[in-house]
Amino acid sequence: MSEINKSPAFWRSFPIFEEFDKDSIASLATLASHRKWSPGTVIFQRGDEGNYMIALVSGRIKLSLITPQGRELLLRHIEAGALFGEVALLDDLPRSADATAITATEGYIISKKAFMEFITNRPAAAEAVMRYLCTLLRDTTDRLETIALYDLNSRVARFFLATLRQIHGTDLPESANLRLTLSQSDIAGILGASRPKVNRSILSLEECHAIKRNDGIITCYVERLKRIAEPEEE
């Protein structure tokens, strides 16, 4: 694990750090501390102080909200190779959601105090962080647009396309395979719909030959998904 911590490629794999120069990356690695969480561990709760961020090396963490009625609203899953907790660290406000380890999980934490001192002394790194935050805002706007303006079939198609872009970038192949780690209930929580409705939409995409499911693998036909994701107005 210590060798991962020293690897510039590891730290540059996180979008918030990818523009950092060689010296900044080397200094950043010295700020990180290794942590492990067992399945079911509540890492932090909504309202806690945002005094560190986490770079996830292995495992999976869910971010969720609990309603006053006791219902859980899943916001998203954090997979290995992702960084989270940075917003509360940077805006000096409390955590906005609960974070819970779903599986045995390992990662690195960087404390708020150390990171703020780091970017205060490195203006180029601070500018890179600001650009990253602007990207987060744009992504949030896209998610809200998807939920508010599109029917469920379009939302599911956009979800598959967005997941593909996380793997392949913006230049998508004609077709690609996905093995989702999310259940239909998880997808429903992300898209603001019920599980039965999401299931019907997935069946509809299959009937339109936009996807094909086989033994846990979803083959996505990109152009057909794009037509469903962006339907022409009548």
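Just so it is clear, the structure is predicted and the values come from calculations on it, not from any experiment. (Residues numbered from 1 in each chain as written. Predicted model: local features only at pLDDT ≥ 70, side-chain atom pairs only at ≥ 80, totals over all residues. Heavy atoms only, no water.)

A. Structural detail: the overall build of the chain. When you go through the chain residue by residue, the secondary structure sums to 10 helices and 11 strands. For 234 residues, the compact-globule formula gives about 17 Å, and the C-alpha radius of gyration of the chain, at 19 Å, lands near that figure. Taking the principal axes of its C-alpha atoms as reference, the chain extends roughly 55 × 45 × 35 Å. Once local pairs closer than 6 in sequence are excluded, the contacts in the chain between residues at least 24 apart make up 67%. Carbon and sulfur atoms provide 51% of the accessible area of the chain, an area that totals close to 13400 Å². The chain carries 29 positive and 31 negative side-chain charges, and their two centres are separated by 4 Å. (Helix = DSSP H or I, 4+ residues; strand = E, 2+ residues; numbered from the N terminus. Rg over C-alpha atoms; globule rule 2.2 N^0.38 Å. Contact = heavy atoms within 4.5 Å. Areas by Shrake-Rupley, 256 points an atom, 1.4 Å probe, with all protein chains shown as cover. Lys, Arg positive; Asp, Glu negative; His and termini not counted. Charge placed at Lys NZ, Arg CZ, Asp CG, Glu CD.)

B. Main features of the confidence of the model for the chain. For the chain, mean pLDDT is 85; residues scoring 70 or higher make up 91% of the total. For the chain, helix H1 (residues 2-6) is the element with the lowest average pLDDT, namely 54, and strand E2 (residues 42-44) is the one with the highest, namely 95. (pLDDT = per-residue confidence, 0-100.)

C. Broad picture of the sheet that holds strand E9 (residues 175-178). A sheet is described by the order of its strands in space; here three strands give the open sequence E9-E11-E10, paired in antiparallel fashion. The open sheet terminates on both sides in strands that have one partner only, identified here as E9 and strand E10 (211-214). On average, each strand axis in the sheet is inclined to that of its neighbour by 20°, with strand direction left out of account. The sheet contact formed by E10 and strand E11 (residues 217-221) spans four bridges and is antiparallel. Residue pairing for E11: Asn214 is matched across the bridge by Ile217. (Pairing = 2+ DSSP bridges. Axes fitted to C-alpha atoms, helices over the stretch in contact; angles between N-to-C directions.)

D. Focus on the pattern of salt bridges. As enumerated under the stated definition, the model contains nine salt bridges in all. The residue Lys112 makes a salt bridge to Asp92 at a minimum N-O spacing of 2.2 Å. Of this pair, Lys112 sits in helix H5 (residues 112-120) while Asp92 sits in the loop between helix H4 (86-91) and strand E7 (98-101), and the two are 20 residues apart along the sequence. By relative accessible area, Lys112 is classed as buried at 18%. Its relative accessible area of 56% is what places Asp92 among the exposed residues. (Salt bridge = Lys/Arg side-chain N within 4 Å of Asp/Glu carboxyl O. Buried < 20%, exposed > 50% of the residue type's maximum accessible area, 1.4 Å probe, protein only.)

E. The state of the cysteines, seen in detail. Taken as a whole and assessed by the stated rule, the structure comprises zero disulfides. Cys208 forms no disulfide, and the closest cysteine sulfur to it belongs to Cys220, at a distance of 14 Å. Overall, Cys220 belongs to the buried group, its relative accessible area being 0%. (Disulfide = S-S within 2.5 Å.)

F. Representation of the sheet that holds strand E3 (residues 52-58) in the model. Ordered in space as E1-E8-E3-E6, the four strands form an open sheet in which the pairing is antiparallel. Both edges of this open sheet fall to strand E1 (33-37) and strand E6 (83-84), since each of them pairs with a single strand only. Bridge analysis of E3 against strand E8 (residues 105-111) gives six bridges, and the strand direction is antiparallel. Bridged to Leu56 within E8 is Gly107. Contacting E3 and E8, H5 crosses the sheet at an angle of about 55° to E8.

G. Examining the side chain of His77 more closely. Considering the arrangement of structural elements, one finds His77 in strand E5 (residues 72-79). In this structure the side chain of His77 is engaged in a polar contact, spanning 3.3 Å, whose partner is the side chain of Arg60. With residues up to four places along the chain from it excluded, the contact list for His77 reads Arg60, Ile61, Lys62, Ile102, Leu182 and Asp186. (Polar contact = N/O pair within 3.5 Å; in protein donor to acceptor, adjacent residues only side chain to side chain.)

H. Representation of H5. Among the residues of H5, Lys112, Ala114, Phe115, Phe118 and Ile119 are the ones counted as buried. The arc that holds the buried residues of H5, viewed along the axis, is 165°, so those residues lie on one side. With respect to the buried face of H5, the exposed residues turned more than 90 degrees away are Lys113 and Thr120. (Arc of directions from axis to C-beta.)

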